[in-house]
Amino acid sequence: MTPLSPPTAEAAGAPARAASAPAGTRAPAPGALPDAWRDGLARLRKVPGEFFRGTLGVDEAARQLGTDAGTVAALVEAGLPAERGEDGPLLDYHDVANLGLAARQGRSLAELAEARMLRMAAGPREGWLKERTWHVRLAAPCDAPGCPGEVPPVPAPDLLGGTLVDVRPAAGPGGETTATVVTRGTAAEPRTEAVRAVYDGLLAALDDGSHQFGWLPDRLRADPARAAELRMVDCQVAAWIMARDARGAGLAARTRKGYVLGMVGVEHAWTEVLEDGRWLVLDPVLAFLARRHRASNPEFTDFCRGSVHNRLLAWPAASEEPVVAHDCDRGGRCALSCNQVLGGA
Ligand SMILES: [Zn+2]
């Protein structure tokens, strides 16, 4: 489960149910709702009805939020969307994750996952630039029973100035590809106001909450224009918005997909714009998240405006394209996992 990509629980969760009257009327007697949760709920941009899927029961939602079932029942009473299930209210996975991020109690799984990933922003600048060697293990299993999935793609560290040292491709669908990659950071900054404006504009919108950064259902992130209209943004939608804004300003731009490497690789997406013959990486999402978690020194915000971080591993795909194409005859979904097997951090 990763903070910057859609959670797999959606695909693995219960089948979609027909919309029904909001649950909650039969919830256990709720306790008083603490202010932090009430404020978080007021800030939450909820998953629109057509994308809503009730897959989390109250107990599981409580576990994910780091609170108790009584608080979740009170949240449902107060307007957290739920549908009626056989055993009580069912909540949408993304609403629960985004509520955790909005309420900022520091105990939700979504917050903990973000904080873990954002250790990359801590420390001195040299740590973002030095050469790093990684041994990565890639798999692309399908979540439908009986379907093996796909052969994982080969990573492309060279797209960001790194090197593919060796690779052992999977023997077949569902198998593991192992690779040794070297990544290198590159410091760069925009020379023109037009490029700075693209980055600064989205960063400001994330900071002031006019765009809510969070976890989006697959079907919504697959329609970035709609998500942008709703001001619900994940890294993939953010990459699309910046590419659109850059092109609107007359710049050549492309989106890129890859991983933030750590013990577990976290799927990520960013935008690259062409300036004076060189491609600059624009990643205000990382800068925003680092600030939200107070994980960074101020230098990191500027670093994300043009530089390549040595934990980024690129894939030869635009952010809107699937990393693993999988036309499943069993209706499953294939997600690429990227884990580190040995040292390297
Ligand atoms: Zn499949």
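It should be emphasised that the depicted structure is a prediction, and the values quoted were computed from it without experimental measurement.

Visitor: Looking at this structure, how should I read the overall build of the chain?
Guide: Along its length, the chain carries 13 helices and 14 strands. In the chain, which comprises 345 residues, the share counted as buried stands at 52%. Total accessible area on the chain is roughly 14800 Å²; 51% of this is exposed by carbon and sulfur atoms.

Visitor: Sorry if this is basic, but what is going on with a nonpolar patch on the surface here?
Guide: A cluster of nonpolar side chains, contributed by Val154, Leu164 and Val167, occupies part of the molecular surface with about 180 Å² of accessible area. In this fold, valine 154 is placed in the loop between strand 4 (132-139) and strand 5 (163-168).

Visitor: Is there a simple way to explain the nonpolar core in this structure?
Guide: Within soluble globular proteins, side chains that are nonpolar tend to cluster in buried spots. Counting residues in each nonpolar core, the largest one holds 51 residues, and the members touching the most others are Met117 and Phe300. With eight residues, helix 11 (residues 235-248) is the largest single contributor of residues to this core. By size, the runner-up hydrophobic cluster in this structure holds 24 residues, among which are Leu56, Ala82, Leu99 and Leu101.

Visitor: When you look at the packing of helix 3 (residues 58-65) against helix 4 (residues 69-77) in this model, what are you seeing that I'm missing?
Guide: Between two packed helices, both the angle of their axes relative to each other and the distance between the axes serve to describe the pair. At a minimum axis separation of 8 Å, helix 3 and helix 4 run at an interaxial angle of 105 degrees. On the basis of their axis angle, the class for helix 3 and helix 4 is roughly perpendicular. Here helix 3 contributes Val58, Asp59, Ala61, Ala62 and Leu65 to the contact with helix 4, which in turn contributes Ala69, Val72 and Leu75.

Visitor: Got a minute to help me understand the sheet that holds strand 2 (residues 82-85) in this structure?
Guide: Strands belonging to one sheet form pairs held by backbone hydrogen bonds; the direction of such a pair is parallel or antiparallel. Taken in spatial order, the three strands make up an open sheet running 1-3-2, and their pairing is antiparallel. Pairing within the sheet leaves two strands with one partner each, and these edge strands are strand 1 (54-56) and strand 2. Averaged over all pairs of adjacent strands, the angle between strand axes in this sheet comes to 60 degrees, irrespective of strand direction. Two strands pair when backbone bridges link them, and strand 2 and strand 3 (residues 88-92) are joined in this way by four bridges, in the antiparallel orientation. Considered in strand 3, the bridge of glycine 85 is made with glycine 88. Against the sheet, helix 3 makes contact with strand 1 and strand 3, and its axis sits at roughly 65 degrees relative to strand 1, the strand it touches most.

Visitor: Would you mind going over the coordination of the zinc ion with me for this structure?
Guide: Geometrically, a metal with four donors at the corners of a regular tetrahedron has ideal angles of 109.5 degrees, and one with six donors at the corners of a regular octahedron has ideal angles of 90 or 180 degrees. Ligation of the zinc ion by protein atoms is provided by Cys142 (SG), Cys147 (SG), His326 (NE2) and Cys328 (SG), these donors lying 2.2 to 2.3 Å from the ion. What the four donor atoms of the zinc ion show is an angle range of 104 to 120 degrees at the metal, which sorts the shape as tetrahedral. If you list the donors of the zinc ion from N- to C-terminus, the spacing comes out as C-x4-C-x178-H-x1-C. In this pair, cysteine 142 sits in the loop between strand 4 and strand 5 while cysteine 328 sits in the loop between strand 13 (312-315) and strand 14 (337-342), placing the two residues 186 residues apart along the sequence.

Visitor: Just to check I follow, could you spell out helix 11 for this structure?
Guide: In an α-helix, one turn spans 3.6 residues; hence positions three or four apart end up facing the same way. The end-to-end C-alpha distance of helix 11 is 20 Å, a good match for the 20 Å that 14 residues give at a rise of 1.5 Å each. Of the positions making up helix 11, those classed as buried are Cys235, Gln236, Val237, Ala238, Ala239, Ile241, Met242, Ala243 and Ala246. Two or three places before glutamine 236, at the start of helix 11, stands the capping residue aspartate 234, its side-chain oxygen 3.1 Å from that residue's backbone nitrogen. With its phi angle positive at about 85 degrees, glycine 250 sits one or two positions after the end of helix 11.

Visitor: Mind showing me how you'd approach the packing of aromatic side chains here?
Guide: Working definition: an aromatic ring pair is given by the centre-to-centre distance plus the angle between the planes. If you walk through the whole model with that rule in mind, you get six aromatic pairs. Through successive ring pairs, a cluster of aromatic residues spans Trp128, Phe300 and Phe303. In this structure, arginine 254 packs its charged tip against the face of tryptophan 279, placed 3.8 Å from the ring centre.

Visitor: What am I meant to see in the sheet that holds strand 9 (residues 253-260) here?
Guide: Taken in spatial order, the five strands line up as 12-11-10-9-13 in an open sheet, and their pairing is antiparallel. Two strands close off the open sheet at either side, each with one partner strand: strand 12 (305-306) and strand 13. For strand 9 and strand 13, the ladder comprises four bridges, and the chain directions are antiparallel. Of the residues in strand 13, the one forming a bridge with lysine 257 is tryptophan 315. Contacting strand 9, strand 10 (266-275) and strand 11 (278-282), helix 11 crosses the sheet at an angle of about 10 degrees to strand 10.

Visitor: Is there a simple way to explain the environment of proline 148 in this structure?
Guide: With respect to the secondary-structure elements, proline 148 resides in the loop between strand 4 and strand 5. When the C-alpha positions of proline 148 and glycine 172 are compared, they lie 9.0 Å apart, and in sequence the two are 24 residues distant. When residues no more than four places from it in sequence are discounted, the contact partners of proline 148 are Ala140, Pro141, Cys142, Pro173 and Gly174.

Visitor: It is not clear to me how the pattern of salt bridges should be interpreted in this structure. Could you clarify?
Guide: Pairing is possible between side chains of opposite charge, provided their charged atoms come close. For the structure shown, the criterion picks out 18 salt bridges. Between aspartate 276 and arginine 191 there is a salt bridge; the shortest N-O distance is 3.0 Å. With a gap of 85 residues between them, aspartate 276 in the loop between strand 10 and strand 11 and arginine 191 in the loop between strand 6 (176-183) and helix 8 (193-207) connect regions that are remote in the sequence. Both residues of the pair, aspartate 276 and arginine 191, count as exposed. Residue aspartate 207 pairs with arginine 291 through a salt bridge whose shortest N-O separation is 2.2 Å. Note that aspartate 207 is positioned in helix 8 and arginine 291 in helix 12 (residues 284-292), a separation of 84 residues in sequence. According to the relative accessible area criterion, aspartate 207 is partly exposed, its value standing at 39%.

The rules behind these values
Residues numbered from 1 in each chain as written. Predicted model: local features only at pLDDT ≥ 70, side-chain atom pairs only at ≥ 80, totals over all residues. Heavy atoms only, no water. Helix = DSSP H or I, 4+ residues; strand = E, 2+ residues; numbered from the N terminus. Buried < 20%, exposed > 50% of the residue type's maximum accessible area, 1.4 Å probe, protein only. Areas by Shrake-Rupley, 256 points an atom, 1.4 Å probe, with all protein chains shown as cover. Patch = residues over 30% accessible without salt bridge, like charges linked within 9 Å, V, L, I, M, F, W, Y side chains within 5 Å. Salt bridge = Lys/Arg side-chain N within 4 Å of Asp/Glu carboxyl O. Core = buried A, V, L, I, M, F, W, Y, C linked by side-chain atoms within 4.5 Å. Axes fitted to C-alpha atoms, helices over the stretch in contact; angles between N-to-C directions. Parallel < 35°, antiparallel > 145°, perpendicular 65-115°, else oblique. Contact = heavy atoms within 4.5 Å. Pairing = 2+ DSSP bridges. Donors = N, O, S within 2.8 Å, 3.2 Å for Na, K, Ca; no water. Tetrahedral: all angles 85-135°; square planar, octahedral: opposite > 155°, others 65-115°. Expected span 1.5 Å × (residues − 1). Polar contact = N/O pair within 3.5 Å; in protein donor to acceptor, adjacent residues only side chain to side chain. Phe/Tyr/Trp six-rings, centres within 6.5 Å; stacked < 30°, edge-to-face > 60°. Lys NZ or Arg CZ within 6 Å of the ring centre and 35° of its normal.

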